[in-house]
Amino acid sequence: MADAAPASLPPVPEGSAAEPPERKKAGPNKLTCLSECAVVVVGAFLGGLAARRTPVEAGKDYVPVLGSPLFSLAWFGLLVALYPFVREFKIRFAAVSGIQAATVVAIALYAVNDNPSEEPWLMYTVLQMAGGFLVYDSITKPLHESFVQGSHRFDAVMLAHHVSASALMNYMAYLGDRNVCILGLHGILCAEPSTPFLNIRFILRYVGLSGTFLSSVNDLVFAFVFFMARLVYGFELSFIRTWRYSGHGEWLFRASGATLYLASAYWMTQIIGVVIKGLKKTSENKRAAKPPAHRTLQSRPSDLKMD
């Protein structure tokens, strides 16, 4: 029996898959991402501009206005430099965040405790490091999620936080007032000490160590540091130190401190829930890994019944 003739394929219409597909235009997700980036950059710029237009005498050691954008590029450069060692973007992003937090906290501690009036340039610099990181953070992650992963979730609360915080950091750095810079350094010491533990928590989850003893210890340390820095130390900063300050931007700093404290109190409730959930998961994993006990005549001689 002869082989059946192959069925003829239908003609390919013009504009079908046979032709190279047209490049898709940026959809709502990408346009939202680009809008977020623009809002953050403009907000940070306006914060620095407002300080530059304020009639405060800046010393000879005044840091140039380009400091914050340059630090944004520096943090992005560190993200790229880690690529040969860690290919996964999320791990590198968390590592840069942790390195930034540890760096600015160490410098802020030194600048505050080692006679800050002697080295004001260091105070200006660390504030610009923190402000530049907020801009980098607000741009890099949304762009990666939108244009590489293809999915980006708009977070209005986080956007508002990053815009206001970056603008405030630049305002403090460029104002040229040492007392304001000292307030900014205390703000860094309030907000950043818990950040490395948050990034460690993310990395542990990503590598599959969530629900382990190590993860539980890190969660407890993170919650403790967050509580002590944001709520205990933050109370003194938000409701005592800022109210003792009088000068340019005093009501702005007082409102910002109170808002930060309320946001921190809300986040603390979320952290407590996450820590409790993590401890329960660790306990369940430990019970599941434990081999079941088998009753034997040797281990339970009382089970023998004599007639």
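Coordinates for the structure precede this section.
Now for a look at the structure at hand. (Residues numbered from 1 in each chain as written. Predicted model: local features only at pLDDT ≥ 70, side-chain atom pairs only at ≥ 80, totals over all residues. Heavy atoms only, no water.)

### Observations concerning the packing of helix α3 (residues 89-113) against helix α7 (residues 195-206)
Link 1 in the chain: Look at α3 against α7: their axes get within 8 Å of each other, and the N-to-C directions meet at 160°. By the angle between their directions, the pair α3 and α7 is classed as roughly antiparallel. As for the relative orientation of α3 and α7, their crossing is left-handed in sense. Contact residues: α3 offers K90, I91, A94, S97, G98, A101 and A102, while α7 offers T195, P196, N199, F202, I203 and Y206.
Link 2 in the chain: Among the residues making up the contact of α3 with α7, the classes are represented as eight nonpolar, four polar and one charged. (Axes fitted to C-alpha atoms, helices over the stretch in contact; angles between N-to-C directions. Helix = DSSP H or I, 4+ residues; strand = E, 2+ residues; numbered from the N terminus. Parallel < 35°, antiparallel > 145°, perpendicular 65-115°, else oblique. Left-handed = near helix turned anticlockwise from the far one by under 90°. Contact = heavy atoms within 4.5 Å. Nonpolar A, V, L, I, M, F, W, Y, C, P; charged D, E, K, R; others polar.)

### What about a nonpolar patch on the surface?
Link 1 in the chain: On the surface, F202, Y206, V207, L209 and L214 cluster together to form a nonpolar patch covering roughly 430 Å² of accessible area.
Link 2 in the chain: Overall, L209 belongs to the partly exposed group, its relative accessible area being 34%. (Patch = residues over 30% accessible without salt bridge, like charges linked within 9 Å, V, L, I, M, F, W, Y side chains within 5 Å. Areas by Shrake-Rupley, 256 points an atom, 1.4 Å probe, with all protein chains shown as cover. Salt bridge = Lys/Arg side-chain N within 4 Å of Asp/Glu carboxyl O. Buried < 20%, exposed > 50% of the residue type's maximum accessible area, 1.4 Å probe, protein only.)

### Structural notes on the environment of C37
Link 1 in the chain: Turning to its location among the elements, C37 is positioned in helix α1 (residues 28-52).
Link 2 in the chain: Note on C37: relative accessible area 9%, which makes it buried.
Link 3 in the chain: Put simply, C37 and L159 are 122 residues apart on the chain and 9.3 Å apart in space, counted from C-alpha to C-alpha.
Link 4 in the chain: Leave out the neighbours within four places in its chain, and C37 touches S138, I139 and L143.

### Regarding helix α5 (residues 156-175)
Link 1 in the chain: The end-to-end C-alpha distance of α5, which contains 20 residues, comes to 28 Å, matching closely the 28 Å that a straight helix rising 1.5 Å per residue would cover.
Link 2 in the chain: Across the 20 residues of α5, 14 count as buried, placing the element largely inside the fold.
Link 3 in the chain: Following α5 by one or two positions, G176 has its phi on the positive side, about 85°. (Expected span 1.5 Å × (residues − 1).)

### What to know about the packing of aromatic side chains
Link 1 in the chain: The full count for this structure, using the stated rule, is twelve aromatic pairs.
Link 2 in the chain: When the ring of Y171 is compared with that of F253, the centres are 6.2 Å apart and the planes differ by 55°; the resulting orientation is tilted. On the criterion of sequence distance, the pair formed by Y171 in helix α5 and F253 in helix α9 (residues 250-289) is long-range, its members being 82 residues apart. Accessibility assignment for this pair places Y171 and F253 in one class, buried.
Link 3 in the chain: In textbook terms, an aromatic cluster arises when at least three aromatic residues are bridged by ring pairs, as seen for W75, F89, F93, F133 and Y136. (Phe/Tyr/Trp six-rings, centres within 6.5 Å; stacked < 30°, edge-to-face > 60°.)

### Things to note about the packing of α5 against helix α6 (residues 178-191)
Link 1 in the chain: Where α5 contacts α6, the axes come no closer than 8 Å and their chain directions differ by 145°. Where α5 crosses over α6, the two elements pack in a sense that is left-handed. Only V180, C181, L183, G184 and I188 of α6 make contact with α5, whose side of the interface consists of M169, M172 and L175.
Link 2 in the chain: Its residues assigned to classes, the contact of α5 with α6 shows seven nonpolar, one polar and no charged.

### Focus on the nonpolar core
Link 1 in the chain: One finds V96, L127, Y136, M172, L185, I188 and F253 to be the most contacted residues of the largest nonpolar core, which totals 37 residues.
Link 2 in the chain: Mapped by element, the contributors of at least two residues to this core are α2 (67-81), α3, α4 (120-149), α5 and α6.
Link 3 in the chain: If one sorts the elements of this core by residue count, α4 sits on top with nine residues.
Link 4 in the chain: Other than its neighbours up to four places away in sequence, Y136 contacts S72, W75, F76, L79, F93 and V96.
Link 5 in the chain: Core analysis: the next-biggest nonpolar cluster, separate from the first, contains eight residues, F222, A223, M268 and I271 among them. (Core = buried A, V, L, I, M, F, W, Y, C linked by side-chain atoms within 4.5 Å.)

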